Amino acid sequence: MRKLIGNLIFATAAMAATSAMAAVTLFEGPHFAGQPLTVNGGVSDFRAYDYNDRAMSMIVEGAPVIVCEHVNFSGNCQVFNPGQYPHLGVWAHTISSVRPAHAHHGHGRYDRDNYGRWGQDRRYEPRYRYGY
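Values in this document were obtained by computation on a predicted structure and should not be read as measured data. (Residues numbered from 1 in each chain as written. Predicted model: local features only at pLDDT ≥ 70, side-chain atom pairs only at ≥ 80, totals over all residues. Heavy atoms only, no water.)

## Remarks on the nonpolar core
Ranked by internal contacts, the top residues of the largest apolar core, which has 22 residues, are Phe 46, Met 58, Phe 80, Leu 88 and Val 98. Contributions of two or more residues to this core are made by strand S1 (23–27), strand S2 (36–40), strand S3 (57–61) and strand S4 (65–70). Judged by nonpolar contacts, the second largest core, of five residues, contains Ile 66, Cys 77, Val 79 and Ala 101. (Core = buried A, V, L, I, M, F, W, Y, C linked by side-chain atoms within 4.5 Å. Buried < 20%, exposed > 50% of the residue type's maximum accessible area, 1.4 Å probe, protein only. Helix = DSSP H or I, 4+ residues; strand = E, 2+ residues; numbered from the N terminus.)

As structure tokens, then:
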């Protein structure tokens, strides 16, 4: 009985962790066209994938992500919430690194005042959302 309860707790925790993971699929062209690149977690340098400054659209799933204009999560950065982004606007051809938004502080929240240099809320709302 204890083993069954332990297995159920483990399975529940694993499912919760999986659903909270941030995944992003970047596309070379607008409206999800061109070569895709899917990232689960973070990438500090897209040059390693020959994808630096190439993204023009993206789909974010699971949890918010932070994209940055330079490698190693530096330069201007912005939080993108889960959803579909058929065109990245000013972020098209500028993304060099990405990570889950909660990775900065390690306690499940991001500090939006630390990203970007504009004096406004920098969460980017998607045009289309999954299941909302």
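## Focus: the pattern of salt bridges
On inspection of all chains with the given rule, the structure shows three salt bridges. Put simply, Arg 47 and Asp 45 hold a salt bridge, and the shortest N to O gap is 2.8 Å. A salt bridge links Arg 54 to Asp 50, with the shortest nitrogen-to-oxygen separation between them at 3.6 Å. Classification of Arg 54 as partly exposed rests on a relative accessible area of 24%. When its relative accessible area of 57% is taken as the criterion, Asp 50 is described as exposed. What you see here is one network of salt bridges that share partners, running through Glu 28, Asp 50 and Arg 54. (Salt bridge = Lys/Arg side-chain N within 4 Å of Asp/Glu carboxyl O.)

## Remarks on the confidence of the model for the protein
Keep in mind that low pLDDT regions are not for reading the predicted coordinates in detail. Mean pLDDT over the protein works out to 76, with 62% of the residues at or above the 70 mark. The secondary structure element of the protein with the lowest average pLDDT is helix H1 (residues 2–20), at 47, and the one with the highest is S1, at 97. Note on residues 104–122: pLDDT is under 50 here. Beyond four places in sequence and across chains, it has 29 contacts. (pLDDT = per-residue confidence, 0-100. Contact = heavy atoms within 4.5 Å.)

## Re the sheet that holds S2
Read across the open sheet, the four strands follow the order S2-S1-S3-S6; overall the sheet is antiparallel. Single-partner strands in this sheet number two, and they are S2 and strand S6 (83–85). Going from strand to strand, the sheet's axes swing by 10 degrees on average, the running direction of each strand aside. Pairing of S3 with S6 involves three bridges; the strand directions are antiparallel. Directly across from Met 58, in S6, lies its bridge partner Tyr 85. (Pairing = 2+ DSSP bridges. Axes fitted to C-alpha atoms, helices over the stretch in contact; angles between N-to-C directions.)

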